[in-house]
Amino acid sequence: MLTPMKRLLFFVLYLLRFHVLLRFFTRKKLTILLYHGVTDAVSPDGIFNYRKKFILQTSFERQIRYLRVRYHLIPLWHAIELLQKGEELPSHALSLTFDDGYQNIFTNAYPILKKYNVPATIFVTTDFVDQNVPLWPDRLEYAIGYGAEFQNRAQRVTEDSKLRAL
């Protein structure tokens, strides 16, 4: 989560148009943008997505529209192929990736990617598929989010943060 100081810093950098300068200097490099997932709602109970690892579907679509205008979106495999051959990447090349292979990528992100004809690479965690075993952070989040011993969301978030710090 961004602190107020970080938000202020990003706002000042935006006003100074630092992003334009950064974009200029990285125009011949590959940018890889990583997402973990896309959600259609913020859960008012439990602690689902309190760490903001999933982006809201509306924000994701807005970002995709922005990226389509300002970047050359190419599949990751194609970018790697070009780099291995020593060929030049298209100017402002960008590849989208998703980690962990959550179902929400298919239900919430895929329709948007398809709508705008945007390629993406999805890295699937094999234990999810082969053994139906969620990742430990997801198991922890679920156990604390639905544990009866916690009175409210604030207690759940505090306990989750404390356990992750061990």
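Right above here is the structure, for reference.
*Asks:* Account for the overall build of the protein, with residues named and values stated.
*Replies:* Counting its regular elements, the protein contains eight helices and six strands. Secondary structure elements in the protein, listed N-terminal to C-terminal, are α-α-β-β-β-α-β-α-β-α-β-α-α-α. Expressed as lengths along the three principal axes of its C-alpha atoms, the size of the protein is roughly 55 × 45 × 30 Å. Burial analysis of the protein (166 residues in total) assigns 32% to the buried set. Long-range pairs, those at least 24 residues apart, make up 59% of the contacts in the protein between residues at least 6 apart in sequence.

*Asks:* I'd like a rundown of the pairing of strand β5 (residues 93-98), residues and numbers included.
*Replies:* In terms of burial, β5 is largely enclosed, as six of its six residues are buried. The sheet contact formed by strand β1 (residues 31-35) and β5 spans five bridges and is parallel. Its bridge partner lying in β5, Leu33 is registered against Leu96. By the bridge criterion, two bridges tie strand β4 (residues 72-73) to β5 in an arrangement that is parallel. Each residue of the ladder has a partner; that of His72, found in β5, is Ala93. In this region the chain leaves β4, passes through helix α4 (residues 76-85) and returns to the parallel neighbour β5; the handedness of that crossover is right-handed. As for the winding sense of the linkage, the β-α-β connection from β5 through helix α5 (residues 103-115) to strand β6 (residues 120-122) is right-handed.

Conventions and cut-offs
Residues numbered from 1 in each chain as written. Predicted model: local features only at pLDDT ≥ 70, side-chain atom pairs only at ≥ 80, totals over all residues. Heavy atoms only, no water. Helix = DSSP H or I, 4+ residues; strand = E, 2+ residues; numbered from the N terminus. Buried < 20%, exposed > 50% of the residue type's maximum accessible area, 1.4 Å probe, protein only. Contact = heavy atoms within 4.5 Å. Pairing = 2+ DSSP bridges. Right-handed = clockwise from strand over helix to strand, strands pointing away.

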